[in-house]
Amino acid sequence: MVLIGAHVRGGDPVAGAAELGAQAVQVFLADPQGWKKPAPRDDAAAILDSGLGVYVHAPYLVNVASTNNRIRIPSRNMIAQHSAAAAELQARGLVVHGGHVGDGDDIAVGIENWRKTFERATFPVRVLVENTAGGENACARTLDRIALLWDAIGEYDVGFCLDTCHAWASGEDLETVVDRVRAITARIDLVHANSSRDEAGSGRDRHASFADGTIPPELIAHVVREAGCDAVVETPAEGQADDVAFLKEALAV
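Our subject in this report is the structure included herewith. A quick note: this is a predicted structure, and the numbers were derived from the prediction, not measured.

Description of the overall build of the chain
Along the backbone of the chain there are nine helices and ten strands. Considered along the principal axes of its C-alpha atoms, the chain spans approximately 45 × 40 × 30 Å. Residue burial in the chain is summarised as follows: out of 253 residues, 55% are buried. The contacts of the chain with a sequence gap of at least 6 include a subset with a gap of at least 24, amounting to 74%. In the form shown here, the chain has an accessible surface area of approximately 10900 Å², with 47% of it arising from carbon and sulfur atoms. When the 22 positive and 36 negative side-chain charges of the chain are each reduced to one mean point, those points stand 7 Å apart.

Digging into the packing of aromatic side chains
For the structure on display, the rule yields six aromatic pairs. With centroids separated by 5.4 Å and ring planes inclined at 75 degrees, the aromatic side chains of phenylalanine 28 and tyrosine 60 adopt a geometry described as edge-to-face. Of the two residues, phenylalanine 28 is situated in the loop between strand E2 (24–27) and helix H2 (44–50) and tyrosine 60 in the loop between strand E3 (53–57) and helix H3 (69–88); the sequence distance between them amounts to 32 residues. Among the residues examined, phenylalanine 28 registers a relative accessible area of 19% and is labelled buried. Each ring, one from tryptophan 114 and one from phenylalanine 118, has its centre 5.9 Å from the other, and the planes form 15 degrees; the classification is stacked. Here the residue tryptophan 114 and the residue phenylalanine 118 both occupy positions in helix H4 (residues 107–119), the gap between them amounting to four residues, near one helical turn. A connected cluster of aromatic rings, assembled from ring pairs, spans Trp114, Phe118, Phe123 and Tyr156.

So, the side chain of aspartate 198
Secondary-structure assignment places aspartate 198 in the loop between strand E8 (195–196) and strand E9 (207–208). Judged by its relative accessible area of 7%, aspartate 198 is buried. When sequence neighbours within four positions are dropped, the list of residues in contact with aspartate 198 reads Trp168, Arg204, Arg206 and Thr214.

Re the packing of helix H7 (residues 177–185) against helix H8 (residues 217–227)
Running from N to C, H7 and H8 cross one another at 35 degrees; their axes reach a closest spacing of 9 Å. Contacts from Val177, Val178 and Arg182 in H7 reach Val223, Glu226 and Ala227 in H8. For the contact of H7 with H8, a count of residues per class yields four nonpolar, no polar and two charged.

Some words on the sheet that holds E2
Spatially, eight strands are ordered E1-E2-E3-E4-E5-E6-E7-E10 in a closed barrel, and the strand pairing comes out parallel. Averaged over neighbouring strand pairs, the angle between their axes works out to 30 degrees when direction is ignored. In the sheet, strand E1 (residues 4–7) pairs with E2 via three bridges, with the strands oriented parallel. Looking at the pairing, glycine 5 lines up with alanine 24 of E2.

What counts and how
Numbering of residues begins from 1 in every chain and follows the order in which that chain's sequence is written. In keeping with the model being predicted, local features are shown solely for residues with a pLDDT of at least 70 and side-chain atom pairs are shown and tallied solely at 80 or more, while totals for entire chains, interfaces and linings include all residues. Only heavy atoms go into the side-chain values, all of them from the structure, while hydrogens and water stay out. Think of it this way: any DSSP run of H or I at least four residues long counts as a helix, any run of E at least two long counts as a strand, and we number them from the N terminus. When a residue's accessible area, from a 1.4 Å probe over protein chains only, is under 20% of the maximum for its type it is buried; when over 50% it is exposed; and in between it is partly exposed. Two residues qualify as a contact provided that any one of their heavy atoms is within 4.5 Å of a heavy atom in the partner residue. Accessible surface is estimated by sampling points in the Shrake-Rupley manner with a 1.4 Å probe; for residues, cover comes only from the protein chains shown. Within this scheme the basic residues Lys and Arg register as positive and the acidic residues Asp and Glu register as negative, but His and the chain ends are omitted. Throughout, a charge is located at the NZ atom of Lys, the CZ atom of Arg, the CG atom of Asp or the CD atom of Glu. The criterion for an aromatic pair is that two Phe, Tyr or Trp rings (for Trp, the six-membered ring) have centres within 6.5 Å, with stacked assigned to planes under 30 degrees apart, edge-to-face to planes over 60 apart and tilted to the rest. Under this scheme, a helix contributes an axis fitted over its contacting stretch, all axes are lines through C-alpha atoms, and angles between N-to-C directions fall in the 0 to 180 degree range. Each residue is assigned to one class: nonpolar for Ala, Val, Leu, Ile, Met, Phe, Trp, Tyr, Cys and Pro, charged for Asp, Glu, Lys and Arg, and polar for all the others, Gly among them. Strand pairing is assigned whenever DSSP identifies at least 2 bridges connecting the two strands.

Here it is, written out as structure tokens:
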């Protein structure tokens, strides 16, 4: 059964899910803006006993595409560490942004760095590569770039996370994006169901609640329905419960 979940804020994911009416949770296991290794969670047993679907989001600094050794090598280590910690929570996936190369760098080098990440290590929780909103040097902003990436990593045990705000920001047609992504990746494992504060094609990653955003809520529900997989709402806290409720009603789950 498809689960409608939420990225939960605060220290108690189980209580946060109950407050939001979420059937699944997405959490950070360490500072999302830092490089620290995840610490064991005192509430791990409670999370496991809750029956919630669990997803883990890697810190934003992770960028295995980078040509800079000081970023790429710690990024690979972070994926390994966060995947191991996610396995302790029986997580369904570890979401990792598609990353980018620097100005003047060849995107093919970034794609090859992604391939080496999976060639050199296996992870106990499947990595879900997330499409990104902007950046000319990004590895997963456009479907053309995602196709290049999947040519390199598709043979490995890797999944895909489709973010509706990011796809909208990159100018993709949300009516057809699920079929077009699947034609490349053969899978979508998770949808980040978010509206946007900005118009289509803006290149800006600014999430909005369904009621306040520029993406018609029915179009977000359409993406989730077509994807046929779990969805996590990452919208602002003040409207998040309403967004979860809207998707649950729209999908009758």
